[in-house]
Amino acid sequence: MDESIFISKNFIPKEGRVVCESPSNIALIKYWGKYGLQFPINPSLSFTLSNCKTKTSLEYSPRLEGQGRFDFLYDGKIKKTFENKIEEFFERISPFCPYLENLFLKINSKNTFPHSSGIASSASAFCSLAFCIVSIEKRYSERMTEQFFFNKVSFIARLGSGSGSRSVSGPLMIWGENEFHSGSSNYFAVNYRHKIHQIFKNYQNTVLIIDDRIKISSSSDGHKKMTKHPFINDRKNQAKNNLKIILDAISMGDLQVFIKVVEEEAMTLHSLMMSSQPPTVLIKSKTLEVIELLKNFREKENVPICFTLDAGPNVHLLYPEKYKQEVIRFIKQKLVYYCQNHLFINDNVGLGTKLLDFKLI
Ligand code: DP6
């Protein structure tokens, strides 16, 4: 594929406001390591979530001479700390969205999950911003198909945050070229089109907030360290094999295999961090204690629950909907004491980003 298909024609939009909402996502096969401009070293697979989301409102108006590109507000207040990252994002996307040069943007974002819960919000934040931007373009491109729109949103979101490319749609998204899913691409994520067994419908994801502090090392640094990692080739092979195995398990409803692969991916992610130079340790002793309790519960009660981790200490529990009550009881009895302020968040798989409003002013 040639990314030039995503270069839009230039135009001067009128003033307007677009609002949308993007969920976070949780990777089953992890994206860890990138090259070039945000290309993944291996394919990844994720469940799109529902409740943990970012709502973004984008007001646009003609840019006056000498005016900056954007103001970024978080929850209605100017937030300077994100400005560099957003500025870099606009640099990256400007060849594909030349019309942005003519505009001043007022971006107002807000998360539905507690602000300092330690849940990574860059995926939902960049996906919602990308969705707003490409929605402006769609108004001026009568022949843009729905499919092209979603591909471009994912492509643009990827340039802000790799995992953000997977939040555009759902319930299962694949990002990264692979032989098991035709149409898969390194440029954007695609919806998994094959059979998903009934047991995975409305799959549950409960996040245990083990530590709500901002992590000491960013995902971007971790990805960079993978380029010189001694295990990089083995990791590429492992991810590819695991993708094949888990896709088969998802179509067959084989929870044993699903659990094995998901947990192996989580542990591999953190092993890769710990064996990077310099090493990074993001899990806490409480993370490991919770995992131990979870395994005991799984064996004793025969509940097909598993854990996964993102780049931090919080534990994501994944389980079929029919076990929800049993799992919540177990969390309240045994796990909540390991959570910061006893905080855990219930979520489930969802269908991706939604347009909430579009007004021309
Ligand atoms: C561990 O998407 O946050 O959550 O592309 O640098 O923004 P950047 O990284 P990011 O990395 C996410 C890594 C992960 C695994 C995953 O979501 O696949």
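Residues numbered from 1 in each chain as written. Predicted model: local features only at pLDDT ≥ 70, side-chain atom pairs only at ≥ 80, totals over all residues. Heavy atoms only, no water.

What follows concerns the overall build of the chain. A count of helical and extended segments in the chain gives eight helices and 14 strands. A compact globule built from 361 residues should have a C-alpha radius of gyration of about 21 Å, and the chain, at 20 Å, falls within 12% of that. With the principal axes as the frame, the chain shows a C-alpha extent of 65 × 45 × 40 Å. Residues classed as buried in the chain amount to 57% of the 361 residues present. (Helix = DSSP H or I, 4+ residues; strand = E, 2+ residues; numbered from the N terminus. Rg over C-alpha atoms; globule rule 2.2 N^0.38 Å. Buried < 20%, exposed > 50% of the residue type's maximum accessible area, 1.4 Å probe, protein only.)

Let us look at the domain arrangement of the chain. The parts lose accessible area when they come together, and the size of an interface is often stated as this lost area. Splitting the chain by domain gives domain 1 (3-196 + 350-360) and domain 2 (203-348). Across the contact, 36 residues belong to domain 1 and 44 residues belong to domain 2. Note on domain 1 versus domain 2: buried area summed over both sides is about 3,300 Å², and carbon and sulfur give 70% of it. Contact with domain 2 buries surface across domain 1, with Lys30, Trp32 and Phe180 losing the most and accounting together for 24% of the total. For the pair domain 1 and domain 2, the interface holds one salt bridge. If you look at where domain 1 meets domain 2, you find 12 residue pairs in polar contact (both at pLDDT 80 or more). Mapped onto the side of domain 1 that touches domain 2, the elements with two or more residues apiece are strand E1 (16-29), strand E4 (44-62) and strand E8 (172-175). (Domains from an automatic or database assignment. Contact = heavy atoms within 4.5 Å. Buried area = accessible area lost by both parts, 1.4 Å probe. Salt bridge = Lys/Arg side-chain N within 4 Å of Asp/Glu carboxyl O. Polar contact = N/O pair within 3.5 Å; in protein donor to acceptor, adjacent residues only side chain to side chain.)

Our focus in this paragraph is the site of the ligand. Residues in contact with the ligand amount to 17 residues; listed here are only the nearest, Tyr31, Lys34, Gly162, Ser163 and Arg166. The side chain of serine 163 places a nitrogen or oxygen atom 2.6 Å from an oxygen atom of the ligand. Taken by itself the ligand offers 460 Å² of open surface, and the protein chains cover 93% of this. Element by element, the count of residues in the shell around the ligand is highest for helix H4 (residues 219-226), at three residues. Partitioning the shell around the ligand into residue classes produces five nonpolar, eight polar and four charged. Two domains each put at least three residues into the shell around the ligand: domain 1 (3-196 + 350-360) and domain 2 (203-348). (Near = heavy atom within 4 Å. Areas by Shrake-Rupley, 256 points an atom, 1.4 Å probe, with all protein chains shown as cover. Nonpolar A, V, L, I, M, F, W, Y, C, P; charged D, E, K, R; others polar.)

This part takes up the pairing of strand E5 (residues 70-74). The buried fraction of E5 is high, at four of five residues. Note: E5 against strand E7 (residues 103-111), five bridges, orientation parallel. Each residue of the ladder has a partner; that of phenylalanine 72, found in E7, is isoleucine 107. Both E5 and strand E6 (residues 77-78) contribute to a ladder of two bridges, which runs antiparallel. By the bridge assignment for E6, leucine 73 is matched with isoleucine 78. (Pairing = 2+ DSSP bridges.)

As a further point, take helix H5 (residues 232-252). The terminal C-alpha atoms of H5 lie 30 Å apart, and with 21 residues this matches the ideal 30 Å at 1.5 Å per residue to within 8%. For H5, the complete set of buried residues consists of Ile232, Arg235, Gln238, Ala239, Asn242, Leu243, Ile246, Leu247, Ala249, Ile250 and Ser251. One or two positions beyond H5, positive phi appears at glycine 253, with a value near 75°. (Expected span 1.5 Å × (residues − 1).)

Counting residues in each nonpolar core, the largest one holds 73 residues, and the members touching the most others are Leu28, Leu45, Phe47, Ile133 and Phe258. In terms of residues, this core owes the most to one element, helix H2 (residues 122-140), which gives nine residues. When residues of this core are assigned to domains, at least three fall in each of domain 1 (3-196 + 350-360) and domain 2 (203-348). Non-local contacts of phenylalanine 258, meaning those with residues more than four positions away in its chain, are made with Leu28, Phe47, Phe200, Tyr203, Ile246, Ala249, Ile250 and Cys306. The next biggest cluster of nonpolar side chains, apart from the first, holds 24 residues, and it includes Ile291, Leu294, Ile328 and Val336. (Core = buried A, V, L, I, M, F, W, Y, C linked by side-chain atoms within 4.5 Å.)

On to the sheet that holds strand E11 (residues 306-309), then. Read across the open sheet, the four strands follow the order E11-E12-E10-E13; overall the sheet is antiparallel. Bordering the open sheet on either side are E11 and strand E13 (344-348), each of which pairs with just one other strand. Ignoring strand direction, the axes of neighbouring strands in this sheet form an average angle of 25°. When strand E10 (residues 204-208) meets strand E12 (residues 315-319), the two strands line up antiparallel, connected through five bridges. When the bridges of E12 are listed, valine 207 appears paired with histidine 316. Relative to the sheet, helix H6 (residues 255-274) contacts E11 and E12, its axis offset from that of E11 by approximately 30°. Here helix H7 (residues 285-301) sits on the sheet and contacts E10, E11 and E12; the angle it forms with E11, its principal contact strand, is near 160°. (Axes fitted to C-alpha atoms, helices over the stretch in contact; angles between N-to-C directions.)

This part covers the side chain of histidine 316. You can see histidine 316 is positioned in strand E12. Residue histidine 316 is classed as buried on the basis of its relative accessible area, which comes to 5%. Looking at histidine 316, its side chain comes within polar contact range of the side chain of asparagine 205, at 3.3 Å. Residues contacting histidine 316, with those up to four places away along its chain left out, are Ile26, Asn205, Thr206, Val207, Cys306, Phe307, Thr308 and Asp310.

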